[in-house]
Amino acid sequence: MSRASSAASPSPSPRWDEDGYAAAGLLTRAQAVAGSGAGSGAGSGAGPGPGPSCGIGSGTRLSDAALAWRVDSRRWTRLHRGVYLTRTGPIDWHTRACAAVLAAGPEAALRGGSAAYAWGLVERPGRTIELLVPATRQVVAPPGIDVRRTRVPYVVRGMPPRVTVERTLVDLAQTLSTDELAAILARAIGDRLTTRERVLAELGSWARHGRRAIVRGMLSDVGDGAQGALEVRFVRGVLRAHGLPIGRAQVPLGELGGQIGGQIGELGGQIGGQIGGQIGGHPGRQRMDRAFEAQRLLVELDGLRFHRGRALVTDRAKSRRAVAADWAVVRYGWEETVPHACATAAELELLLQARG
């Protein structure tokens, strides 16, 4: 795995070591011994954070014996060699991630699944915190931390420090399944954390990448409006693979037209509200997965995860409004899209011809 040498050099976000770690209540031995990173003013030792609440004043230098006393008295917690948590209370993932970066050195950054979690691209962090460091660094990985060395320059963003969204996506593309990759690309672009062009630029900077063609194809599908793994599969496996029109993705219900449809949409919102928290939703904020406008045909894709409970009621309200506005609605799921893509394409082609 290598990339072109034109990428930017490792560069932490401005003041990340001063502000972000202080907010997390973290302090290194070097800071404590030098009297830096302790905040301003004398402290009483009560309260979170490595500033005044650390129990040391600004510029106060601690000996190793003083550090040991704070750990032994349980005022501080030693998370890694030379890294201390100066507050009490639960230790969440972000604190552990910051501590791992501190332990690995100032040019370290989260990568892979850890970076994806920090960026909000996945819902759960992995068991191991994954770090990236320059190849010139010799880092002994503490328990629970996986350190990868690289000769390729990289940019660091955010707190906890992490590689860019684009590098995270291109890196993960090497190991994720096709559906996982489709979902994470759709989320990153749909949430406006990046753009198709920026991911393509990052991919282009990699001299070798085993799934380059797959990533490019998926980015093309996401650029056509697909917003999840099932939608990407539908565009790639059903529409493109069989020469069918792509249609228009994520069409607002309000653009479907029809006075009766609007009235039903409003009633759907009222029914949803009575059932539980406006389940039916407001028609202006609802979208249909894919529309073939010339044929007035709508396709809704039902992924199991997103079409249960309240979401199912919302989808039924959307379908009622679409039908009332003289649109036909067909629904497909994973079974029709993946193992039976050819049969689904044939059926959809007949529907388009019948309504064309």
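**Side note on the packing of helix α7 (residues 178-190) against helix α10 (residues 229-239)**
Item 1. Contact geometry of α7 with α10 gives a least axis separation of 7 Å together with a crossing angle of 110°. Judged by the inter-axis angle, α7 sits roughly perpendicular to α10. Listed contacts from α10 to T178, D179, A182 and A183 of α7 are A229, V232 and R233.
Item 2. The class makeup of the residues in the contact of α7 with α10 is 4 nonpolar, 1 polar and 2 charged.

**Considerations on the sheet that holds strand β3 (residues 83-85)**
Item 1. With respect to topology, 3 strands assemble into an open sheet ordered β1-β3-β2, the strand pairing being antiparallel. Each edge of the open sheet is held by one strand with a lone partner, namely β1 (26-28) and β2 (77-80). This sheet shows a mean twist of 35° between the axes of neighbouring strands, independent of strand direction.
Item 2. Relative to β3, β1 runs antiparallel, the two being bridged by 3 bridges. Bridge pairing links L27 to Y84 in β3.
Item 3. Against the sheet, helix α4 (residues 93-104) contacts β1, β2 and β3, and its axis sits at roughly 15° relative to β1.

**Some words on the packing of aromatic side chains**
Item 1. The tally for this structure, following the rule as stated, stands at 3 aromatic pairs.
Item 2. Relative to Y84, the ring of W76 has its centre 6.2 Å away and its plane inclined at 50°; by these criteria the two rings are tilted. There is no split in this pair, since W76 and Y84 are both buried.
Item 3. Measuring from ring centre to ring centre gives 4.8 Å for W93 and Y117, while their planes differ by 80°; the resulting arrangement is edge-to-face. Taken together, the residues span a long stretch of sequence, with W93 in helix α4 and Y117 in helix α5 (residues 112-118) at a distance of 24 residues.
Item 4. Accessibility expressed as a relative area gives 8% for W93, which makes it buried.
Item 5. One residue, R70, lies across the ring of W76, its end atom 5.4 Å from the ring centre.

**Considerations on the environment of Q31**
Item 1. Inspection of the secondary structure puts Q31 in helix α2 (residues 29-34).
Item 2. Each C-alpha atom, one on Q31 and one on L62, is 9.1 Å from the other, the two residues being 31 residues apart in sequence.

**Digging into unusual backbone geometry**
Item 1. The linkage connecting M159 with the following residue, P160, adopts the cis geometry, with an omega of 0°.
Item 2. Its identity is not glycine, yet R74 carries a phi of approximately 65°, on the positive side.
Item 3. When you line up the elements, R74 lands in the loop between α3 (64-72) and β2.
Item 4. One non-glycine residue with positive phi stands out, namely R296, at about 50°.

**Digging into the side chain of T95**
Item 1. Within the fold, T95 resides in helix α4.
Item 2. For T95, a relative accessible area of 5% gives the class buried.
Item 3. Contact partners of T95, with chain neighbours within four places excluded, come to A24, L26, L85 and R87.

**Regarding the confidence of the model for the protein**
Item 1. The predicted model of the protein averages 79 in pLDDT, with 76% of residues at 70 or higher.
Item 2. Segment residues 259-265: pLDDT under 50, and 10 contacts once partners within four positions in sequence are set aside and those in other chains are kept.
Item 3. Below a pLDDT of 50 lies the segment residues 271-280, which in the model reaches 18 contacts outside its immediate sequence neighbourhood of four places, other chains included.

Calculation criteria
- Residues numbered from 1 in each chain as written.
- Predicted model: local features only at pLDDT ≥ 70, side-chain atom pairs only at ≥ 80, totals over all residues.
- Heavy atoms only, no water.
- Axes fitted to C-alpha atoms, helices over the stretch in contact; angles between N-to-C directions.
- Helix = DSSP H or I, 4+ residues; strand = E, 2+ residues; numbered from the N terminus.
- Parallel < 35°, antiparallel > 145°, perpendicular 65-115°, else oblique.
- Contact = heavy atoms within 4.5 Å.
- Nonpolar A, V, L, I, M, F, W, Y, C, P; charged D, E, K, R; others polar.
- Pairing = 2+ DSSP bridges.
- Phe/Tyr/Trp six-rings, centres within 6.5 Å; stacked < 30°, edge-to-face > 60°.
- Buried < 20%, exposed > 50% of the residue type's maximum accessible area, 1.4 Å probe, protein only.
- Lys NZ or Arg CZ within 6 Å of the ring centre and 35° of its normal.
- pLDDT = per-residue confidence, 0-100.

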